[in-house]
Amino acid sequence: MRNLVTGGSGFLGSHLVEALVARGKDVRALVRPTSDIAHLESLGVELAYGDLNDSQSLKTAAEGVGKRTMPPMVQTSPGGSI
């Protein structure tokens, strides 16, 4: 079963990808076209380019995926507090 990790190039997402790969799981990482993907490439994961704000890229990334994982996100207010 293929696993989709959104934010796969981010701090939490990259660690999640590493853990899944270490367990022998098939991983697809959703990344932005501007993301540094060198680490993901070294792990041999499949890359899907897109953005969480682009529904079509999410649909494409999710094709053939059995599990979807989105690392927790922290959003701050315009003043910078959580």
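What this report covers is the structure whose coordinates are included nearby. All residue numbers refer to position in the chain's written sequence, counted from 1. With the structure being a predicted model, the display of local features is reserved for residues of pLDDT at least 70 and the display and counting of side-chain atom pairs for 80 or more, all residues being used for whole-chain, interface and lining totals. Heavy atoms from the whole structure form the basis of all side-chain values; hydrogens and water molecules are not counted.

## Regarding helix α1 (residues 11–22)
Here comes step 1: For helices the rule is a DSSP run of H or I covering at least 4 residues; for strands it is a run of E covering at least 2, with both sets numbered from the N terminus onward. A helix's residues, less one, multiplied by 1.5 Å, set its expected span. Spanning 12 residues, α1 covers 17 Å between terminal C-alpha atoms, matching the ideal 16 Å at 1.5 Å per step.
Here comes step 2: Whether a residue is buried, partly exposed or exposed follows from its accessible area with a 1.4 Å probe, protein chains only, as a fraction of its type maximum: under 20%, in between, or over 50%, in that order. Turning to α1, its buried residues number three or more, namely Gly13, Ser14, Val17 and Leu20. In an axial view of α1, the angular spread of the buried residues amounts to 125 degrees, which keeps them on one side of the axis. More than 90 degrees from the buried face of α1, the exposed residues found are Phe11 and Ala22.
Here comes step 3: Packed against the buried residues of α1 are β1 (2–6), β2 (26–31) and α2 (38–43).
Here comes step 4: Gly24 sits one or two residues past α1 and shows a positive phi near 80 degrees. It is the directions from the helix axis to the C-beta atoms that the arc portrays. Any two residues having at least one pair of non-hydrogen atoms within 4.5 Å are treated as being in contact.

## Here we look at the pattern of salt bridges
Here comes step 1: The term salt bridge refers to a pairing of a side-chain nitrogen on Lys or Arg with a carboxyl oxygen on Asp or Glu at a separation within 4 Å. All told, the structure shown has four salt bridges when counted by the stated rule.
Here comes step 2: A salt bridge links Asp26 to Arg2; its shortest N-O distance comes to 3.2 Å. Of the two residues, Asp26 sits in strand β2 while Arg2 sits in strand β1, which places them 24 residues apart along the sequence.
Here comes step 3: Among the salt bridges present, the one from Arg2 reaches Glu46, with a minimum N-O distance of 3.4 Å. Of this pair, Arg2 sits in strand β1 while Glu46 sits in strand β3 (residues 46–49); the two residues are 44 residues apart in sequence, bridging distant segments of the chain.

## Considering helix α3 (residues 55–62)
Here comes step 1: Among all positions of α3, only Ser57, Ala61 and Ala62 are buried. The buried residues of α3 occupy an angular sector of 130 degrees when projected down its axis, which confines them to one face.
Here comes step 2: N-cap assignment for α3: the residue whose side-chain oxygen lies 3.2 Å from the backbone N of Gln56 is Asp54.
Here comes step 3: In the stretch just after α3, Gly64 is the one whose phi turns positive, near 75 degrees. Pairs of N or O atoms are called polar contacts if they sit within 3.5 Å, as long as, within protein, a hydrogen donor faces a hydrogen acceptor (for residues adjacent in sequence, only side-chain-to-side-chain pairs).

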